[in-house]
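Here is what each chain is made of, one letter per residue.
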Amino acid sequence: MGDHITRRARMVSEQIAARGVRDTDVLDAMRSVPRHLFVPSEFESRAYMDSPLSIGYGQTISQPYMVALMTELLQVNVRSRVLEVGAGSGYQTAVLAELAGEVYAIERLAQLEERARRALGVLHYNNVRMAIGDGTRGWLERAPFDGILVAAAADKAPPPLLEQLAEGGRMVIPLGAAGREQTLTVFAREGAKITRQASVECRFVPLLSGEDVVAGGPAARERRAAPDTDANGEQEGDAVKCVRARVYGRVQRVYYRASARAEGERLGLNGWVRNCADGSVELQMQGREQAVDAMLDWCSVGPPAAEVQRVEVDAVDPDDTLAGFGVRQ
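Definitions and limits used
Residue numbers here run from 1 along each chain, matching the order of that chain's written sequence. Owing to the predicted nature of the model, reporting of local features is limited to residues with pLDDT of at least 70; listing and counting of side-chain atom pairs is limited to 80 or more, with chain, interface and lining totals taken over all residues. The side-chain values count all of the structure's non-hydrogen atoms but skip hydrogen atoms and water molecules. Working definition: helices are DSSP H or I runs of at least four residues, strands are E runs of at least two. Numbering for both runs from the N terminus. Remark: exposure states derive from per-residue accessible area (1.4 Å probe, protein chains only) relative to the maximum for the residue type, with buried under 20%, exposed over 50%, and partly exposed in between. In what follows, a contact means two residues having at least one pair of non-hydrogen atoms within 4.5 Å. Only the protein chains shown count as cover for residues, with accessible areas throughout obtained via the Shrake-Rupley method and a probe of 1.4 Å. By definition, the arc is the one covered by directions from the helix axis to the C-beta atoms. Any pair of nitrogen or oxygen atoms within 3.5 Å is treated as a polar contact; in protein, a donor-acceptor pairing is required on top of that, and neighbouring residues in sequence qualify only through side-chain atoms on both sides. Just to be clear on terms, a salt bridge is a Lys or Arg side-chain nitrogen sitting within 4 Å of an Asp or Glu carboxyl oxygen. The axes are straight lines fitted to the C-alpha atoms, using for helices just the contacting stretch, and the angles between their N-to-C directions are given from 0 to 180°. The scheme is simple: roughly parallel for angles under 35 degrees, roughly antiparallel for over 145, roughly perpendicular for 65 to 115, oblique for anything else. Here a crossing is taken to be left-handed if its near helix is turned anticlockwise relative to the far helix by less than a right angle, and right-handed if that turn runs clockwise. pLDDT is a residue-level measure of predictor confidence that goes from 0 to 100. A pair of strands is considered paired only if DSSP assigns at least 2 bridges between the two.

> Please clarify how the overall build of the protein chain should be interpreted in this entry.
The helix and strand inventory of the protein chain stands at eight helices and 15 strands. Out of the 329 residues in the protein chain, the part that is buried amounts to 52%. Sequence separation of at least 24 residues holds for 63% of the intrachain contacts in the protein chain that already meet a minimum separation of 6. Accessible surface computed for the protein chain: about 15,300 Å², of which carbon and sulfur atoms make up 45%.

> I'm lost on helix 2 (residues 24-32) in this one. Help?
One turn of an α-helix holds 3.6 residues; hence residues three or four places apart share an orientation. Considered for burial, the residues of helix 2 that qualify are Val-26, Leu-27, Ala-29 and Met-30. With its buried residues spanning 160° around the axis, helix 2 presents them on a single face. With a side-chain oxygen positioned 2.9 Å from the backbone nitrogen of Asp-25, the residue opening helix 2 is Asp-23.

> Please explain the pattern of salt bridges as it appears in this structure.
Two side chains that carry opposite charge are able to pair once their charged atoms sit near each other. Counted according to the given criterion, the structure contains 13 salt bridges. Residue Arg-246 is joined to Asp-278 by a salt bridge in which the shortest nitrogen-to-oxygen separation is 3.4 Å. Separated by 32 residues along the polypeptide, Arg-246 in strand 11 (residues 240-250) and Asp-278 in the loop between strand 12 (270-275) and strand 13 (281-288) bring together distant segments of the chain. A salt bridge links Arg-266 to Glu-263; the shortest N-O distance between them is 2.8 Å. Of this pair, Arg-266 and Glu-263 both sit in helix 7 (residues 256-266), three residues apart, roughly one helical turn. You can call Arg-266 partly exposed: its relative accessible area is 44%.

> Whenever I open this one, the environment of Val-240 confuses me. Can you help?
Mapping Val-240 onto the fold places it in strand 11. The exposure class of Val-240 is exposed, given its relative accessible area of 62%. The sequence separation of Val-240 and Pro-318 amounts to 78 residues, and the corresponding C-alpha distance is 8.3 Å.

> Could you clarify how one ought to interpret the packing of helix 3 (residues 64-74) against helix 4 (residues 91-99) in this entry?
For any two helices packed against each other, the geometry comes down to the angle between their axes and how far apart the axes lie. For the pair helix 3 and helix 4, the least separation of the axes is 11 Å and the interaxial angle reads 40°. As far as their axial angle goes, helix 4 and helix 3 are oblique. Regarding helix 3 and helix 4, the two cross each other, and that crossing is right-handed. Between helix 3 and helix 4, the contacting residues are Val-67, Met-70, Thr-71 and Leu-74 on the first element and Tyr-91, Gln-92, Val-95, Leu-96 and Leu-99 on the second.

> What is the right way to look at unusual backbone geometry in this model?
Generally, phi is negative for residues other than glycine and the peptide bonds are trans, each holding for most cases. Each neighbour pair has its own omega, and for Ala-143 with Pro-144 the value is 5°, a cis peptide bond. With respect to the helices, strands and loops of the structure, Pro-144 is situated in the loop between strand 5 (128-132) and strand 6 (145-150). We note that His-124 has phi near 60°; this positive angle belongs to a residue other than glycine. Using a relative accessible area of 56% as the deciding quantity, one classes His-124 as exposed.

> Is there a simple way to think about the confidence of the model for the protein chain in this case?
Predicted coordinates in areas of low pLDDT are best not read in detail. Here the protein chain averages 88 in pLDDT, while 90% of its residues score no lower than 70. Per-residue pLDDT stays below 50 along residues 211-217; that stretch engages in nine contacts with residues further than four places along the chain or on separate chains. Contacts of residues 228-237 to residues separated by more than four positions or lying in other chains number ten contacts, the stretch itself having pLDDT below 50.

> Would you mind showing me how to read the pairing of strand 6 here?
Taken residue by residue, a regular strand's side chains alternate between the two faces of the sheet. Of all six residues in strand 6, five are buried; the element is thus mostly enclosed. Sheet topology note: the strand 6/strand 7 (residues 165-175) ladder contains four bridges and is parallel. Looking at strand 7, one finds that Leu-149 is bridged to Val-172.

> I would appreciate a short explanation of the sheet that holds strand 11 in the present structure.
Consider a sheet: its strands pair through backbone hydrogen bonds, and that pairing is either parallel or antiparallel. Overall, mixed pairing links the five strands, which are arranged 14-11-13-12-15 in an open sheet. Of all strands in the sheet, those with a lone pairing partner are strand 14 (307-315) and strand 15 (325-328), marking the two edges. Looking at each pair of strands side by side, their axes are set apart by 20° on average, direction ignored. Judged from the eight bridges that link them, strand 11 and strand 14 form a sheet pairing that is antiparallel.

> Help me understand the side chain of Glu-282, please; the structure alone is not making it clear to me.
Position of Glu-282 among the secondary structure elements: in strand 13. Polar contacts involving the side chain of Glu-282 include one to the side chain of Arg-274, which spans 2.8 Å. Not counting residues up to four positions away in its chain, the partners in contact with Glu-282 are Arg-244, Ala-245, Arg-246, Trp-272, Val-273, Arg-274 and Cys-276.

Structure (structure tokens):
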């Protein structure tokens with residue numbers, strides 16, 4: 001543990017403060033958040049290097065300097081309500097949670113949302129709410145926002161995000177084509193006027209929207225980042241839940257069954273998955289409520305080649321004969 005603290009302190013002094021980030025609250029937040037908890041275990045030794053790292057699914061955790069710079073440009077404090085678009089690993093979310101009063105984070109991929117929410121829960125960030133959805137639409141139910149941070153590059157600022165900025169609010173977003181140099185850009189609302197100012201060159205993964213995400217909007221599955229507790233102090237989600245789900249869309253011959261089995265095993269669920277004659281995929285799953293909910297989130301996205309249109313879910317009685325998670329013919 002002491003080694004991680006030392007490496008974080010060196011990261012802040014040599015990679016961030018030395019490159020011009022001056023906000024003391026931002027520097028303190030960067031010293032506080034354990035970045036190694038947000039990267040895959042095989043990259044833990046590289047967690048405090050000044051470089052982005054892969055987190056799977058074609059996504060990355062941003063380099064520490066870029067996280068600090070974007071946070072400084074956002075200019076938030078304990079009175080701020082902040083929207084993050086593209087939560088990814090959850091690291092930037094945690095840094096924002098150290099500074100802002102409320103953080104609302106949207107992630108497109110259910111697998112990453114579950115992983116980020118688990119890491120944020122371990123660190124007890126009670127001021128974070130997460131959701132799966134199309135971040136380009138913003139989070140209208142929670143608007144307006146004092147700060148909006150977009151961790152993916154777009155050709156232009158999505159209009160719904162600009163509309164959801166509060167008076168005096170700021171949005172930080174990389175602008176430019178995917179795979180090329182982009183420009184970190186700050187938008188600020190002053191009454192009916194929105195100003196724009198360019199910052200530094202950068203490179204981010206592309207911001208996806210519309211047909212690239214499951215329909216329903218971000219608030220459809222809003223959840224706390226930190227584990228909820230009941231009156232006895234026990235975590236919610238310990239109760240057994242059993243459901244049967246039917247997934248429609250382009251879900252056969254895209255490794256949906258094999259991927260579902262792997263995800264079910266990872267979450268410790270019992271159940272099965274099978275193809276249906278009408279082209280859909282059917283699953284039965286049971287286990288901890290939190291794990292079943294995470295699996296349903298995964299089902300709404302599926303493996304990379306899948307195109308999920310909808311998921312129908314029904315509660316069923318537990319099946320004591322189920323053991324492990326398998327593929328049925």
